[in-house]
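Listed below are the residues making up each chain.
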Amino acid sequence: MADMPARLAEIVDEFAAAPRDLVLELLLEYADVIPALPDAAEREGMEQVPECQTAFFLRARVTPEGTVETLFDCPPEAPTTRAFAGILAEGLAGASADQVLAVPDDLYQRMGLAQAISPLRVRGGTAILGRLKRQIREQLA
């Protein structure tokens, strides 16, 4: 079984070690990681994540080389949700499909976010990860 990608593990450790009052600040730094979508064509085939309180769309693509490309669409006025996506975008960059599937489903709890943000937001972030993994499994099948 593959381990989760090294960069994502680093991010998880960084959050887990952070003082509780800094966790939210740290989280919001990742809101700027996601690039804006170039055009409407990029949105094609993206799946909405209804568990998120905001209009959030994603797509995971397994490349011919076996690595995973992620694409996220999230409005700037939803910084927490953007931050979840930013963490995944950065943490999963260049990762193999097996590594992404090895990411623990309780990722955000491990990061200590359950104490810093509402359960509803944690659920949204968990749903984002779950859908990414499902899309990857479907492509590997």
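Note that the structure is predicted; figures quoted are calculated from it, not measured.

A. Just the overall build of the chain, in detail. Scanning the chain from N- to C-terminus turns up seven helices and three strands. Along the chain direction, N to C, the helices and strands of the chain fall in the order α-α-α-β-β-β-α-α-α-α. Since a compact globule built from 141 residues should have a radius of gyration of about 14 Å, the 14 Å found for the chain is in line with a globular shape. Its C-alpha atoms give the chain principal-axis dimensions of about 40 × 35 × 20 Å. A total of 141 residues make up the chain; the buried ones form 45% of that total. If you sum the accessible surface of the chain, you get close to 7,200 Å²; carbon and sulfur atoms cover 51% of it. Distance between charge centroids for the chain: 6 Å, based on 13 positive and 22 negative side chains.

B. The packing of helix α1 (residues 6-17) against helix α4 (residues 79-91), seen in detail. Packing of α1 against α4 brings their axes to within 8 Å, and their N-to-C directions diverge by 135°. On the basis of their axis angle, the class for α1 and α4 is oblique. Residues Arg-7, Leu-8, Ile-11 and Phe-15 of α1 pack against Ile-87, Glu-90 and Gly-91 of α4. Here the residues of the contact of α1 with α4 are counted per class, giving four nonpolar, one polar and two charged.

C. Highlighting the side chain of Thr-54. For Thr-54, the position within the fold is in the loop between β1 (47-48) and β2 (57-62). A relative accessible area of 18% places Thr-54 in the buried class. In contact with Thr-54, not counting residues within four places along its chain, are Cys-74, Pro-75, Ala-78 and Thr-81.

D. Representation of empty space enclosed by the protein within the structure. Going through the model one piece at a time under the given rule, you end up with one cavity of 30 Å³ or more. Looking at the largest cavity, its volume works out to about 50 Å³. Lining the largest cavity are Glu-51, Cys-52, Gln-53, Thr-81, Phe-84, Leu-120, Arg-121, Gly-124 and Gly-125. For the lining of the largest cavity, the secondary structure elements donating two or more residues are α4 and α7 (119-140). The greatest single-element share of the lining of the largest cavity, amounting to four residues, is contributed by α7. When the residues that make up the lining of the largest cavity are grouped by side-chain class, the tally is three nonpolar, four polar and two charged.

E. Broad picture of the pattern of salt bridges. Considering all chains together, one arrives at nine salt bridges under this definition. The shortest N-O distance in the salt bridge between Arg-131 and Glu-47 comes to 2.8 Å. On the criterion of sequence distance, the pair formed by Arg-131 in helix α7 and Glu-47 in strand β1 is long-range, its members being 84 residues apart. Accessibility assignment for this pair places Arg-131 and Glu-47 in one class, buried.

F. Expanded view of the packing of α4 against α7. Two elements in contact, α4 and α7, have axes separated by 10 Å at closest approach and are oriented at 35°. In this structure, α4 meets α7 at a crossing whose hand is right-handed. In this structure, α4 contributes Thr-80, Thr-81, Phe-84 and Leu-88 to the contact, and α7 contributes Arg-121, Val-122, Gly-125, Ile-128, Leu-129 and Leu-132. Split by residue class, the contact of α4 with α7 holds six nonpolar, three polar and one charged.

Procedures and definitions
- Residues numbered from 1 in each chain as written.
- Predicted model: local features only at pLDDT ≥ 70, side-chain atom pairs only at ≥ 80, totals over all residues.
- Heavy atoms only, no water.
- Helix = DSSP H or I, 4+ residues; strand = E, 2+ residues; numbered from the N terminus.
- Rg over C-alpha atoms; globule rule 2.2 N^0.38 Å.
- Buried < 20%, exposed > 50% of the residue type's maximum accessible area, 1.4 Å probe, protein only.
- Areas by Shrake-Rupley, 256 points an atom, 1.4 Å probe, with all protein chains shown as cover.
- Lys, Arg positive; Asp, Glu negative; His and termini not counted.
- Charge placed at Lys NZ, Arg CZ, Asp CG, Glu CD.
- Axes fitted to C-alpha atoms, helices over the stretch in contact; angles between N-to-C directions.
- Parallel < 35°, antiparallel > 145°, perpendicular 65-115°, else oblique.
- Contact = heavy atoms within 4.5 Å.
- Nonpolar A, V, L, I, M, F, W, Y, C, P; charged D, E, K, R; others polar.
- 1 Å grid on protein atoms, 1.4 Å probe; cavity = no way out; pocket = protein on both sides within 12 Å on 5 of 7 lines; lining within 4 Å.
- Points joined across faces, edges and corners; volume = space filled by probe spheres on them.
- Salt bridge = Lys/Arg side-chain N within 4 Å of Asp/Glu carboxyl O.
- Left-handed = near helix turned anticlockwise from the far one by under 90°.

The analysis is restricted to geometry; functional conclusions fall outside its scope.
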